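# Coordinate inspection notes
One letter stands for each residue in the lines below.
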Amino acid sequence: MVDRRRQRTINLVSLVLAILAMCAEYLGHRMAYVFLKPLTTISILSLLLFIPKGLSTKFAKLILVALAFCLLGDVLLLDPAYFVFGLVAFLLAHLLFIVAFIQHKGFWFHWISFVVLFVIGGVIFFWLKPDLGDFMIPVLFYVLVITSMAWQGIGLYLRDKGKAYLWIALAVLFFMLSDTMLAINKFKAPFDYASVLILGTYWLSVGLIANAAYNIALGKKS
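Right, let's walk through the structure included here. As the structure is a prediction and not an experimental result, all values here were calculated from the model.

### Thoughts on the overall build of the protein
- Broken down by element type, the protein carries 8 helices and 0 strands.
- Of the regular secondary structure in the protein, the N- to C-terminal order runs α-α-α-α-α-α-α-α.
- Once the C-alpha set of the protein is aligned to its principal axes, its extents read approximately 50 × 45 × 25 Å.
- Here the protein holds 222 residues, and 47% of them are scored as buried.
- Here the protein displays about 11,000 Å² of accessible surface, and carbon together with sulfur accounts for 74% of that area.
- Here the protein contributes 18 positively and 9 negatively charged side chains, and the mean placements of these two sets differ by 16 Å.

### Examining the nonpolar core
- Among the nonpolar cores identified, the biggest contains 62 residues, and Ile63, Phe97, Phe101, Ile168, Phe175 and Trp203 are the most heavily contacted of them.
- Contributions of two or more residues to this core are made by helix H1 (2-27), helix H2 (30-46), helix H3 (58-76), helix H4 (83-105), helix H6 (136-159), helix H7 (163-188) and helix H8 (194-217).
- In terms of residues, this core owes the most to one element, H8, which gives 12 residues.
- In terms of nonpolar packing, the next biggest core, distinct from the first, is built from 9 residues, Phe83, Leu128, Ala183 and Ile184 among them.

### Examining the side chain of Ser43
- With respect to the helices and strands, Ser43 occurs in helix H2.
- Using a relative accessible area of 10% as the deciding quantity, one classes Ser43 as buried.
- When residues no more than four places from it in sequence are discounted, the contact partners of Ser43 are Ile10, Val13, Ser14 and Leu17.

### Details of the side chain of Thr201
- Of note, Thr201 is situated in helix H8.
- The class for Thr201 is buried, based on a relative accessible area of 12%.
- Here Ile198 takes part through its backbone oxygen, which lies 3.1 Å from a polar atom of the side chain of Thr201.
- Once you skip the residues sitting within four places of it in the chain, Thr201 turns out to touch Phe174, Leu177, Ser178 and Met181.

### A few points about the packing of aromatic side chains
- Within this structure, the stated rule accounts for 20 aromatic pairs.
- Ring centres of Phe83 and Phe187 lie 6.1 Å apart, and the angle between their planes is 80°; this geometry places the pair in the edge-to-face category. Taken as a pair, Phe83 in helix H4 and Phe187 in helix H7 lie far apart in primary sequence, 104 residues in all.
- Phe83 gets classed as buried once you look at its relative accessible area, which sits at 11%.
- Residues Phe90 and Tyr202 carry aromatic rings whose centres are separated by 5.7 Å and whose planes lie at 80° to one another, so their mutual orientation is edge-to-face. Remark: Tyr202 occurs in helix H8 and Phe90 occurs in helix H4; sequence separation between them is 112 residues.
- Assessed through its relative accessible area of 5%, Tyr202 is described here as buried.
- Taken together, Phe90, Phe97, Phe101, Phe175, Tyr202 and Trp203 form an aromatic cluster joined through their ring pairs.
- A cation over a ring is seen here: Lys186 above Phe83, with NZ or CZ 4.3 Å from the ring centre.
- Residue placement shows Lys186 over the ring face of Phe187; its charged tip is 5.8 Å from the ring centre.

What counts and how
- Residues numbered from 1 in each chain as written.
- Predicted model: local features only at pLDDT ≥ 70, side-chain atom pairs only at ≥ 80, totals over all residues.
- Heavy atoms only, no water.
- Helix = DSSP H or I, 4+ residues; strand = E, 2+ residues; numbered from the N terminus.
- Buried < 20%, exposed > 50% of the residue type's maximum accessible area, 1.4 Å probe, protein only.
- Areas by Shrake-Rupley, 256 points an atom, 1.4 Å probe, with all protein chains shown as cover.
- Lys, Arg positive; Asp, Glu negative; His and termini not counted.
- Charge placed at Lys NZ, Arg CZ, Asp CG, Glu CD.
- Core = buried A, V, L, I, M, F, W, Y, C linked by side-chain atoms within 4.5 Å.
- Contact = heavy atoms within 4.5 Å.
- Polar contact = N/O pair within 3.5 Å; in protein donor to acceptor, adjacent residues only side chain to side chain.
- Phe/Tyr/Trp six-rings, centres within 6.5 Å; stacked < 30°, edge-to-face > 60°.
- Lys NZ or Arg CZ within 6 Å of the ring centre and 35° of its normal.

Right, dumping it as structure tokens:
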């Protein structure tokens, strides 16, 4: 079908752009990276712009706006001087993801996932805390929000074992992993291949979310 071919094409273009962007960053080609980083995210979120008008849902629209804030965060984080503003952009994106997940299937309270995720988030925060300085409160709030986002994203899959919801569950975990590596690299200790690992898990996350929202809108949840 045409929509499936379009989905595969956009995913392939996004993959190629992501690889080029990661290579540019790793090899120090700054100008190429500045161009390719936002272009990759634009390519990923463009998938949702091709949902037929009659099939577009509030869920897909909220996800699109959330991804637009991710794009804004990408641009802002290109300059270390705008790190706080980038953090705020991604914070707003995570809040919109939470709203989208809850709006789609309602609030879900699952004790086991709640305890596991918030214990992980707490351990990461208190491990980073001595090195956060003035960023302690913003990072604490960010950890609480992204952990809540992951909790509700996993909740979608716990209620509906469709493939699209599995993608969302994996995506929110990859987002937590990406942000954790970003925080470690910035506040704790820079590590080898940090940019490749951070960008790779980030784009995998938003790619999974975009594809899940696209499939849900077209009624292909399983």
